[in-house]
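Here is what each chain is made of, one letter per residue.
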Amino acid sequence: MKTTERNLISYIEVFGFYLVTGAACLVLGVALTSLMEHYHIGVADAANLSAAFALGRVLAVFIFGYLTDRIGPRIIFLIGVFLELVFFVTIPLVPVYQIGLIAAILGGIGMSAQDTTNPLIVSALFPEKYPSMMSIGQAFFGLGCLLPPMIRSILLPAGISFAALYYFFAGICVVMLALLPFFKLPQINSAHLAQEGGHARNTVKLRLFYTGVGMLVIVCAAYCAATNTLGLYTSAFAETLPIPVSLAANMLTFYNIGTMAGSFANAAIMRKLKPVTVLWLNVSIGLAAVCIMTFADVPALYFAGMGLMGFCLGPLYSVVVVLATGIFPAHAAMAAAGVAVTSAAADALNPVITGRIVEENGVRASLKITIVLLIVTAAAAFMFRALYSENSLKRRNPDESPE
């Protein structure tokens, strides 16, 4: 097989996995009313499908992280793609709610395989461009989030069943599985990657190891809670503005388009700036944007601000993964799993906390919540930057000295 063909298959496999997991996160919500009719259930039961998906991700991510570090990513990658295929096929095919819940859990487990394997595969395939190619992966994840509502908007007026949406992404999974035997990976065991992989070439050196790790955990949790708040309440907030409802419905789309565009742009930016710099810089710009649009209270600025926030905040999940795998180069899959669990925990807890605040103070309070969360993120990012030591010859071993 020619090198160009191998490269093309590598791109299809890695970035295709990002795309289908991004889509898996959205298809349940996008087709919520259709799922209610499909299973003959109410909205609360339909929402439980999303909760089951999140549960599957949390349950499996550390297991897959451990196995990926031990046996390499190929088998876990195969399992993950196969489980996403089962998810996309079973949901529309079997009109039994309990089976749907199981399929959603399996879909979440499949996503946890992406959380743990893709950073190692990207590290092996692109050792010289690891941070920037992780941003490209985040862009394809964002594309996966954009496609379901776009496809659904085409299917609905044409009277085509929601099942076509699921089968479209199932088809991508079939292509990925068919090409997987030709997916030739370079040497990809953890010991080799800890020395030669892209994440090892971006090793994070910390003056105070545990304090620095703690700051990155706070960054991840607060950042994910902030973006979760935006995803939950932006559409409802837009409907309170003195603008047509049809226009208000597009505000969240501005944020999502900004996310995808920012992830592609970040691939170039990460070749010029260190991930730790991109982290605090993007959070600072995102914080400034939400503050300006909140206190100016002009509808046009809300749309521009949402686009800018998506552009700056959208790529940061991949930046956090780059930093986490750089801190633990010998256990990169487990580090990526830790980021995934922190993200999932923040996404699960945030609606419980913010829902009560928004219920008591109105949906506009969601913007102030976002400001507070981004202040926490920015403060932790600056603290992490202060602990980041570019001149250290060797990263401190936590087994030798805690601080």
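Residues numbered from 1 in each chain as written. Predicted model: local features only at pLDDT ≥ 70, side-chain atom pairs only at ≥ 80, totals over all residues. Heavy atoms only, no water.

A few points about helix α6 (residues 130-158)
Each α-helix winds once per 3.6 residues, and so residues spaced three or four apart point in a common direction.
Moving on, step 1. The end-to-end C-alpha separation of α6 is 42 Å, in line with the 42 Å expected for 29 residues at 1.5 Å each.
Moving on, step 2. Considering bend angle alone, the principal kink of α6 is centred on Leu147 and spans about 25°; proline Pro148 follows within four residues of it.
Moving on, step 3. Positioned one or two residues after α6, Gly159 has a phi angle of 70°, which is positive. (Helix = DSSP H or I, 4+ residues; strand = E, 2+ residues; numbered from the N terminus. Expected span 1.5 Å × (residues − 1). Bend = angle between axes of the 7 residues up to and from the residue.)

Things to note about the environment of Ala54
Moving on, step 1. Inspection of the secondary structure assignment puts Ala54 in helix α3 (residues 43-71).
Moving on, step 2. The class for Ala54 is partly exposed, based on a relative accessible area of 37%.
Moving on, step 3. Between the C-alpha atoms of Ala54 and Gly108, which are 54 residues apart in sequence, the distance is 5.7 Å. (Buried < 20%, exposed > 50% of the residue type's maximum accessible area, 1.4 Å probe, protein only.)

Comments concerning the packing of aromatic side chains
Moving on, step 1. For the structure shown, the criterion picks out 20 aromatic pairs.
Moving on, step 2. With a centroid separation of 4.8 Å and an interplanar angle of 70°, the aromatic rings of Phe17 and Phe77 are classed as edge-to-face. Remark: Phe77 occurs in helix α4 (residues 73-93) and Phe17 occurs in helix α1 (residues 3-30); sequence separation between them is 60 residues.
Moving on, step 3. Since its relative accessible area comes to 1%, Phe77 is described here as buried. (Phe/Tyr/Trp six-rings, centres within 6.5 Å; stacked < 30°, edge-to-face > 60°.)

Overview of the environment of Ser135
Moving on, step 1. Among the structural elements, Ser135 can be located in helix α6.
Moving on, step 2. Looking at Ser135, the relative accessible area reads 0%, which means it is buried.
Moving on, step 3. In this structure the C-alpha to C-alpha distance between Ser135 and Met270, which are 135 residues apart in sequence, comes to 8.3 Å.

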